[in-house]
Amino acid sequence: MRWSTKLVLPAAFMAALACGKAAESDSKDSSKDKGAKGATSGTGATSATGATSATGAKSTTGATGITGTTTALPTIPETPTPPAENVDGSGEVVKAETTSGAPAGFTKPMVKTTEPDVAPEPPSNATIANTSAAALTTLSEEQFVLSQLSQQRVRASTTAAPGLGLTAGNGASDFSGDGCFDACSRGSGGIFCAVHKCNGLNEFYPGKFVSSEFGDQSGWGSAPHYWATVAFPDLNGDGKMDVCGRANFGMLCALSNGATFGTPTPWTAAFSDQAGWASADFYWSTLRYPDLNGDGKQDVCGRSSHGIYCGISNGATFTDVKLWATEYGDGSGWASAPHYWATIAYPDINGDGKGDICGRGWQGMVCALSTGNGFATPTYWTAGFSDAAGWASAKQYWATIDYPDLNADGKADICARASEGMYCGVSNGAGFTDVRYRTAAFSDAAGFQADPSYWATIHTVRLAANSVSFCGRGHAGLLCSTSTDGGSSFGSYVNVASVYGDAANWHISPAYWATIRLIPNSIAAKTGAANLICARGISGLVCATLDPNATGSSGLQSLDFSDAQGFNGSPSYWSTFTVQ
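Overview of the structure.

Looking at the overall build of the chain
Phase 1 of the analysis: When helices and strands are tallied, the chain shows 9 helices and 24 strands.
Phase 2 of the analysis: Looking at the 580 residues of the chain, the share that counts as buried comes to 63%.
Phase 3 of the analysis: Once local pairs closer than 6 in sequence are excluded, the contacts in the chain between residues at least 24 apart make up 59%.
Phase 4 of the analysis: Surface summary for the chain: the accessible area is close to 18900 Å², and the carbon and sulfur share equals 54%.

Observations concerning the sheet that holds strand E4 (residues 243–247)
Phase 1 of the analysis: The strand order across the open sheet formed by 3 strands is E4-E5-E6, and the pairing between neighbours is antiparallel. Single-partner strands in this sheet number two, and they are E4 and strand E6 (265–268). The mean angle between the axes of side-by-side strands here comes to 40°, regardless of whether they run parallel or antiparallel.
Phase 2 of the analysis: Two elements, E4 and strand E5 (residues 250–254), share 5 bridges in a ladder whose sense is antiparallel. Following the sheet pairing, Arg-246 is matched in E5 by Met-251.

Considerations on the state of the cysteines
Phase 1 of the analysis: Taken as a whole, this structure holds 8 disulfides when the rule is applied.
Phase 2 of the analysis: Across the disulfide, Cys-184 is cross-linked to Cys-193 (sulfur-sulfur distance 2.0 Å). As the torsion about the S-S bond is roughly 110°, the Cys-184-Cys-193 disulfide counts as right-handed. Comparing Cys-184 with Cys-193 shows no difference in burial state: the two are buried.
Phase 3 of the analysis: Paired by a disulfide, Cys-471 and Cys-480 hold their sulfur atoms 2.0 Å apart. The disulfide joining Cys-471 to Cys-480 has a torsion of about 110° about its S-S bond and is therefore right-handed.
Phase 4 of the analysis: Residue classification places Cys-480 among the buried positions, given a relative accessible area of 1%.

Things to note about the packing of aromatic side chains
Phase 1 of the analysis: Following the criterion strictly, the structure yields 30 aromatic pairs and no others.
Phase 2 of the analysis: Both rings, one in Trp-391 and one in Tyr-397, keep their centres 6.5 Å apart while their planes meet at 75°; by these two values the pair is edge-to-face.
Phase 3 of the analysis: Trp-391 sits in the buried class, given a relative accessible area of 0%.
Phase 4 of the analysis: Judged by its relative accessible area of 0%, Tyr-397 falls in the buried class.
Phase 5 of the analysis: Site record: aromatic cluster; members linked through ring pairs are Phe-192, Phe-209, Phe-561, Phe-567 and Phe-577.

Here we look at the nonpolar core
Phase 1 of the analysis: Formed by 29 residues in total, the largest nonpolar core has its most connected members in Phe-271, Tyr-289 and Phe-318.
Phase 2 of the analysis: Listed by contribution, the elements that provide at least two residues to this core are E5, helix H3 (281–284) and helix H7 (510–513).
Phase 3 of the analysis: Counting residues in hydrophobic clusters, the runner-up holds 20 residues, among them Cys-367, Ala-389, Trp-391 and Ile-414.

Some points on the sheet that holds strand E18 (residues 477–483)
Phase 1 of the analysis: Taken in spatial order, the 4 strands line up as E16-E17-E18-E19 in an open sheet, and their pairing is antiparallel. Either end of the sheet is taken by a strand with one partner, and the two such strands are strand E16 (459–464) and strand E19 (494–497). Adjacent strand axes in the sheet meet at a mean angle of 45°, parallel and antiparallel pairs treated alike.
Phase 2 of the analysis: One ladder, built from 7 bridges, connects strand E17 (residues 467–474) with E18; its direction is antiparallel. Looking at the pairing, Cys-471 lines up with Cys-480 of E18.

Here's the deal with the side chain of Thr-229
Phase 1 of the analysis: The residue Thr-229 is located in the loop between helix H2 (224–227) and E4 in this model.
Phase 2 of the analysis: Residue Thr-229 is classed as buried on the basis of its relative accessible area of 6%.
Phase 3 of the analysis: In this structure the side chain of Thr-229 is engaged in a polar contact, spanning 2.7 Å, whose partner is the backbone nitrogen of Arg-246.
Phase 4 of the analysis: Not counting residues up to four positions away in its chain, the partners in contact with Thr-229 are Trp-220, Pro-224, Cys-244, Gly-245, Arg-246, Trp-284, Leu-287 and Tyr-289.

Side note on the pattern of salt bridges
Pairs can form between side chains of opposite charge once their charged atoms are near each other.
Phase 1 of the analysis: Scanning all chains against the criterion turns up 15 salt bridges.
Phase 2 of the analysis: One salt bridge in this structure joins Arg-186 and Asp-216, with 2.9 Å as the shortest N-O distance. With a gap of 30 residues between them, Arg-186 in strand E1 (residues 183–187) and Asp-216 in the loop between strand E3 (208–211) and H2 connect regions that are remote in the sequence.
Phase 3 of the analysis: Here Asp-216 falls in the partly exposed class, since its relative accessible area comes to 23%.
Phase 4 of the analysis: For the salt bridge of Lys-240 with Asp-238, the shortest nitrogen-to-oxygen distance reads 3.1 Å.
Phase 5 of the analysis: With relative accessibility at 16%, the residue Lys-240 sits in the buried group.
Phase 6 of the analysis: When salt bridges that share partners are traced, they join Asp-434, Arg-436 and Arg-438 into one network.

Examining the environment of Ala-223
Phase 1 of the analysis: Mapped onto the fold, Ala-223 is located in the loop between E3 and H2.
Phase 2 of the analysis: Residue classification places Ala-223 among the buried positions, given a relative accessible area of 0%.
Phase 3 of the analysis: Distance from Ala-223 to Ala-278, taken between C-alpha atoms, is 9.4 Å for residues 55 residues apart in sequence.

Describing the environment of Trp-513
Phase 1 of the analysis: Looking at where Trp-513 falls in the secondary structure, it is placed in helix H7.
Phase 2 of the analysis: The class of Trp-513 is buried, set by a relative accessible area of 6%.
Phase 3 of the analysis: Separated by 40 residues in sequence, Trp-513 and Arg-473 place their C-alpha atoms 8.1 Å apart.

Some remarks on the environment of Leu-201
Phase 1 of the analysis: Turning to its location among the elements, Leu-201 is positioned in the loop between strand E2 (190–194) and E3.
Phase 2 of the analysis: The spacing of Leu-201 and Gln-557 is 356 residues in sequence and 9.2 Å in space, taken between C-alpha atoms.

With respect to the side chain of Ser-467
Phase 1 of the analysis: Structurally, the position occupied by Ser-467 is in strand E17.
Phase 2 of the analysis: Ignoring any residue separated from it by four or fewer positions in sequence, one finds Ser-467 in contact with Arg-462, Thr-482, Ser-483 and Thr-484.

Structural notes on the pairing of strand E9 (residues 318–325)
Phase 1 of the analysis: Examined bridge by bridge, strand E8 (residues 308–313) and E9 share 5 bridges and lie antiparallel to one another. Along E9, the bridge assignment pairs Ile-308 with Ala-325.

Calculation rules
Residues numbered from 1 in each chain as written. Predicted model: local features only at pLDDT ≥ 70, side-chain atom pairs only at ≥ 80, totals over all residues. Heavy atoms only, no water. Helix = DSSP H or I, 4+ residues; strand = E, 2+ residues; numbered from the N terminus. Buried < 20%, exposed > 50% of the residue type's maximum accessible area, 1.4 Å probe, protein only. Contact = heavy atoms within 4.5 Å. Areas by Shrake-Rupley, 256 points an atom, 1.4 Å probe, with all protein chains shown as cover. Pairing = 2+ DSSP bridges. Axes fitted to C-alpha atoms, helices over the stretch in contact; angles between N-to-C directions. Disulfide = S-S within 2.5 Å. Phe/Tyr/Trp six-rings, centres within 6.5 Å; stacked < 30°, edge-to-face > 60°. Core = buried A, V, L, I, M, F, W, Y, C linked by side-chain atoms within 4.5 Å. Polar contact = N/O pair within 3.5 Å; in protein donor to acceptor, adjacent residues only side chain to side chain. Salt bridge = Lys/Arg side-chain N within 4 Å of Asp/Glu carboxyl O.

It is worth stressing that arrangement in space is one thing and function is another; only the former is reported here.
Structure, rendered in structure tokens:
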């Protein structure tokens, strides 16, 4: 069978990218209760009360291509001034009242009986059931983008890239296994990859389909509870990124041989439609691939109505899939709002090489250490990110929670963007301490709350051995604020990559800005560059070198993954894009 490198897309996906798309920003007003109603059963959708209104929507005009210009854009000053409110040093982003209706974090879990058990056997074929295209509306594009960015934060910062680390796992895996980063994405015809030439020039071989599975013809494009679960973990610990996705019968995965993906096989019947995982985004969108036992192979976890289910990879299947923690279940309120369930991640917070678990409850961060066979009893690690401090009031706060290793001690710390800037705490292996503002950079006063094309791109990176930086896309390009004292304080912005600015229209669609990927320096150095950033632009793959003190060089590195190939046609394509 011959595979074409040009995507074949449904006609509905071939419409030109709409220009002038308005972006919404959430109001900071928290004078009313922002608590969510109680937990729901494993099959129903929940409703939240007290939602903030979308005010000050930004409209853009004249967006005609990669060189076009826009109007009515927020200004991102080089030296931001903190806003007048909340300058008491408490770290509160806004004032908000708590109510008895707020979920109780991890306390007093209740086991639901409405969720079916794991399906005993998968069907004999590897084709998922086709469903109505209307299912695409079950998850908003923006909510999905936030979920994918959360996964990218977890993937990009690992034990393989000291100082970046969010979670335990082999984040240094690449498709070919030569140690240089490669680019892959789901297309209409399957999995499409471009392999780096590893020649020090940031050049790629022409892209091609390396697997005909996971394509639209098998039903993967029919609903987000299928295509949104496609990811590229290293399942067997060989340094090559593999591919997995949640099908109707469970997890379907394939191993990389360096040139193609092998034939996909069912790795577990858990996480199936029959077990209720397709019923709500607060189940299927929580699937992650941490290394739970520190053996170098990435495992699988997801949040169900009962709590956290996990399975261990043996390199060929996920085994011993069981309930690792009941405390994050629906009975404790975690399903009631995305500012709870969407914050669950698996950082290595005690530095033992095993992925632990953290999530933002209404009273703060609820975390538990991995024993390699389960999670210990969760405890509150800090109250610094609580509902009372306003963290539930807007996604431009809670959706930025990140787990960098600020002081390079091997333990993942915690940071997030608050109204006054970047707010962080340092892990001591048992709690987050010294929780405070580190810089006024990326604050509301600087305009970063105005659009997700700004605040949703903020990541923590180590651009030099003795420094750590906050980097995010602003109006003028990719802006970084750097610390040289172990993350205690950070300096002013430096525009390190102007090519990603609004003048080049990176802000007009998440099909562009949401694909920005920061490449761990452990991989980037092998290509001849200390630090790299890559993203999917209109014409293809655009990469830049990063220097914490200057604007780096950049350019179009590959014509693959372009709009002409159809990768902008649907979030089921561009949102699965990865560079690793």
